[in-house]
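Coordinate inspection notes
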Amino acid sequence: MIPPVHCYVLSERALVIAWEQRIDPAIAASIAKLQRKLTNHPFEGMMELVPAYASLTVFYDPLRVRNQYATSNSRRWVEAYLWQYIENVQDQTVASVSRHIEIPVQYGGVNGPDLPYVAQHCGLSEAEVIDWHSRVVYQVYLLGFVPGFAYLGGLNEKLATPRKDTPRQGVPAGSVGIAGAQTGIYPVPITGGWQIIGRTPLTLFDVQENPPARLQAGDTVTFVPIS
């Protein structure tokens, strides 16, 4: 059963569709399905859809809405438009139409300088950390922080490790990290505080591609250890 949702105003150019505020695969699937429906059936003036763990923010141009649909209240018109799709998603079982992507990872060594710390913190061997990390099917809940950075849910609680007290300068693109109960991949070189346990040779963000981010909300991911 998909939890009920509600809408609220973020600004004169944005409405938030909010689910119960928790991390839940059913909620994530519902958000992904609604995002696909709105992407395939946009209204005139719709500018951007931004998914999060338990919400979908709809950005729009109120002047274009007002002029196109001859309405004196663009916010109410947009909200009414959204509800027809929200109710459709709520009334149906969310079908699994996500992509599954395998990410090759070189764990440890220069590619995973924090693997020893994660192993020590969790009371595991480095091989056990790699095994637990790579045996899970993760779900992409949202993209954020930097373009293309995918927040993945499903990390085994055995591997939960706090962020660094001081962020590391110059984390390489493709670095796979752990922060708390989450795992994620740095798509571009940047300063970051996640515990880096490996690196993938795949390019995860390329402005020449459409979409530029390899991973999208709703995708599922597994990590495959490579030498």
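Since this is a predicted model, take the numbers as computed values, not measurements. (Residues numbered from 1 in each chain as written. Predicted model: local features only at pLDDT ≥ 70, side-chain atom pairs only at ≥ 80, totals over all residues. Heavy atoms only, no water.)

Here we take up unusual backbone geometry. Each neighbour pair has its own omega, and for Asn210 with Pro211 the value is 0°, a cis peptide bond. Its location among the elements puts Pro211 in the loop between β12 (195–199) and β13 (220–225). For Ala70, which is not glycine, the phi torsion reads 50° and is therefore positive. With respect to the helices and strands, Ala70 occurs in the loop between α2 (62–69) and α3 (74–90). (Helix = DSSP H or I, 4+ residues; strand = E, 2+ residues; numbered from the N terminus.)

What follows is about the pairing of strand β5 (residues 100–107). Side chains Ile101, Ile103, Val105 and Tyr107 project from β5 onto a buried face, and the interleaved His100, Glu102, Pro104 and Gln106 project onto a face without burial. The pairing of β5 with β13 spans six bridges and is classified as parallel. Bridged to Glu102 within β13 is Thr222. Pairing geometry for β5 and β12, over two bridges, is antiparallel. Across the sheet, the residue bridging to Gln106 is Arg199, located in β12. (Buried < 20%, exposed > 50% of the residue type's maximum accessible area, 1.4 Å probe, protein only. Pairing = 2+ DSSP bridges.)

Turning our eyes to something else, we now look at the side chain of Asp114. One can find Asp114 in the loop between β5 and α4 (115–122). Since its relative accessible area comes to 5%, Asp114 is described here as buried. In this structure, Asp114 is in contact with Lys164, Arg168, Trp194, Gln195 and Ile196, ignoring residues within four places of it in sequence. (Contact = heavy atoms within 4.5 Å.)

Bringing the nonpolar core into the picture now. The biggest cluster of nonpolar side chains holds 25 residues, and the ones touching the most others in it are Ile103, Val221 and Phe223. Of all the secondary-structure elements, those providing two or more residues to this core are β5, α4, α5 (126–134), β6 (138–143), β7 (150–153), β9 (175–179) and β13. Not counting residues up to four positions away in its chain, the partners in contact with Ile103 are Ile185, Thr200, Leu202, Leu204, Val221, Thr222, Phe223 and Val224. Counting residues in hydrophobic clusters, the runner-up holds 23 residues, among them Cys7, Ile17, Trp19 and Tyr60. (Core = buried A, V, L, I, M, F, W, Y, C linked by side-chain atoms within 4.5 Å.)

Counting buried positions along β12 yields four of five residues, so the element is predominantly enclosed. Sheet analysis places β9 next to β12, joined by four bridges and oriented antiparallel. Note that in β12 the partner of Ser175 across the bridge is Arg199.

All told, the structure shown has twelve aromatic pairs when counted by the stated rule. Aromatic side chains Phe43 and Trp77 sit 5.8 Å apart centroid to centroid with 70° between the ring planes, which places their arrangement in the edge-to-face category. On the criterion of sequence distance, the pair formed by Phe43 in the loop between α1 (25–40) and β3 (46–51) and Trp77 in helix α3 is long-range, its members being 34 residues apart. Given a relative accessible area of 4%, Phe43 falls into the buried group. A relative accessible area of 22% places Trp77 in the partly exposed class. A ring pair is formed by Tyr81 and Tyr85, whose centres lie 5.4 Å apart and whose planes are at 50°; its orientation type is tilted. One end of the pair is Tyr81 and the other is Tyr85, both in helix α3 and four residues apart, which spans about a single turn. (Phe/Tyr/Trp six-rings, centres within 6.5 Å; stacked < 30°, edge-to-face > 60°.)

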